[in-house]
Amino acid sequence: MKHRSLALLIALLAGVAIVPMAWADDPAFTDAYLKEPANIELGHKLFKQQCVKCHGKGAYPGKAPKLKPRKLTPEDVYLRITYGFRKMPPWEDVFSQDERMALTAYVKSDIFSN
Ligand code: HEC
């Protein structure tokens, strides 16, 4: 019992140290980037390929909640796409950073719908 709590404590401490390091590389979003049509267009294309199966109108009901990205900052959207969030899978190994940034630009754009 004692050993288990110690292991948990170590894991917690390690986690606290590792997470900010992984996040240190994450990009900042400028308005210019977010408004660039080429970025929005790339994100739209990728969203149709990979995301609508859970987030789209045609998705199985209950697969994913309707996205309300207005409540999220671009940085939050990017982090959720990259690292996943509860039942949302991570896309870090699937898409490059540029692609994940483009997805963020699309999700935050005026043409986004789901
Ligand atoms: C396997 C189904 C699935 C796929 C595929 C999927 N998502 Fe998700 N996504 C979810 C679920 C479920 C949630 C809600 C997680 C929660 O809040 O518990 C979510 C949440 C999100 C959120 C956070 C919403 C919020 O308000 O917190 C964003 C942003 C998002 N998804 C974007 C995407 C993008 C972009 C893609 C394509 C690269 C994608 N998702 C693909 C299931 C999926």
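The structure this text deals with has already been given above.
Because the structure is predicted, anything quoted here is derived from the model rather than measured.

Here we come to the site of the ligand. Around the ligand, 21 residues are found, and the nearest of them are C51, C54, H55, R80 and M88. Within the side chain of H55, an N or O atom sits 2.7 Å from a nitrogen atom of the ligand. The side chain of R86 places a nitrogen or oxygen atom 2.9 Å from an oxygen atom of the ligand. Taking a 2 Å distance to the grid points as the criterion, the majority of the atoms of the ligand fall inside the largest pocket. Counting only elements with at least two residues in the shell around the ligand, the list comes to α3 (37-50), α4 (52-55) and α5 (74-83).

Summarising the element assignment, D110 is placed in the segment after α6 (97-107). Accessibility expressed as a relative area gives 71% for D110, which makes it exposed. When the C-alpha positions of D110 and R70 are compared, they lie 9.9 Å apart, and in sequence the two are 40 residues distant.

Bringing a positive patch on the surface into the picture now. A cluster of basic side chains, namely K57, K66, K68, K71, R80 and R86, defines a positive patch on the protein surface. With respect to the helices and strands, the residue K71 is situated in the loop between α4 and α5.

Summarising the metal site, the iron atom of the ligand is bound by the protein donors H55 (NE2) and M88 (SD), whose distances to it range over 2.0 to 2.1 Å. What the six donor atoms of the iron atom of the ligand show is an angle range of 87 to 180° at the metal, which sorts the shape as octahedral. Taken together, the residues span a long stretch of sequence, with H55 in helix α4 and M88 in the loop between α5 and α6 at a distance of 33 residues. Under the relative-accessibility criterion, H55 is labelled buried at 14%. The exposure class of M88 is partly exposed, given its relative accessible area of 25%.

Applying the stated criterion to the full structure yields six aromatic pairs. Plain terms: the ring middles of F47 and F112 are 5.5 Å apart, the flat faces sit at 90° to each other, and that makes the pair edge-to-face. Here the residue F47 occupies a position in helix α3, and F112 occupies one in the segment after α6, the gap between them amounting to 65 residues. Of the residues examined, F47 reaches a relative accessible area of 4% and is grouped as buried. Taking relative accessible area as the criterion, F112 reaches 12% and is therefore assigned buried.

Following both chains from N to C, one finds α3 and α6 inclined at 95°, their axes separated by 7 Å at the closest point. In terms of axis orientation, α3 runs roughly perpendicular to α6. Contacts between α3 and α6 pair N39, I40, L42, G43, H44, L46 and F47 from the former with E99, A102, L103, A105, Y106 and V107 from the latter. Taken together, the residues of the contact of α3 with α6 sort by class into nine nonpolar, three polar and one charged.

What counts, and at which threshold
- Residues numbered from 1 in each chain as written.
- Predicted model: local features only at pLDDT ≥ 70, side-chain atom pairs only at ≥ 80, totals over all residues.
- Heavy atoms only, no water.
- Near = heavy atom within 4 Å.
- Polar contact = N/O pair within 3.5 Å; in protein donor to acceptor, adjacent residues only side chain to side chain.
- 1 Å grid on protein atoms, 1.4 Å probe; cavity = no way out; pocket = protein on both sides within 12 Å on 5 of 7 lines; lining within 4 Å.
- Sits in = over half its atoms within 2 Å of the grid points.
- Helix = DSSP H or I, 4+ residues; strand = E, 2+ residues; numbered from the N terminus.
- Buried < 20%, exposed > 50% of the residue type's maximum accessible area, 1.4 Å probe, protein only.
- Patch = residues over 30% accessible without salt bridge, like charges linked within 9 Å, V, L, I, M, F, W, Y side chains within 5 Å.
- Areas by Shrake-Rupley, 256 points an atom, 1.4 Å probe, with all protein chains shown as cover.
- Salt bridge = Lys/Arg side-chain N within 4 Å of Asp/Glu carboxyl O.
- Lys, Arg positive; Asp, Glu negative; His and termini not counted.
- Charge placed at Lys NZ, Arg CZ, Asp CG, Glu CD.
- Donors = N, O, S within 2.8 Å, 3.2 Å for Na, K, Ca; no water.
- Tetrahedral: all angles 85-135°; square planar, octahedral: opposite > 155°, others 65-115°.
- Phe/Tyr/Trp six-rings, centres within 6.5 Å; stacked < 30°, edge-to-face > 60°.
- Axes fitted to C-alpha atoms, helices over the stretch in contact; angles between N-to-C directions.
- Parallel < 35°, antiparallel > 145°, perpendicular 65-115°, else oblique.
- Contact = heavy atoms within 4.5 Å.
- Nonpolar A, V, L, I, M, F, W, Y, C, P; charged D, E, K, R; others polar.

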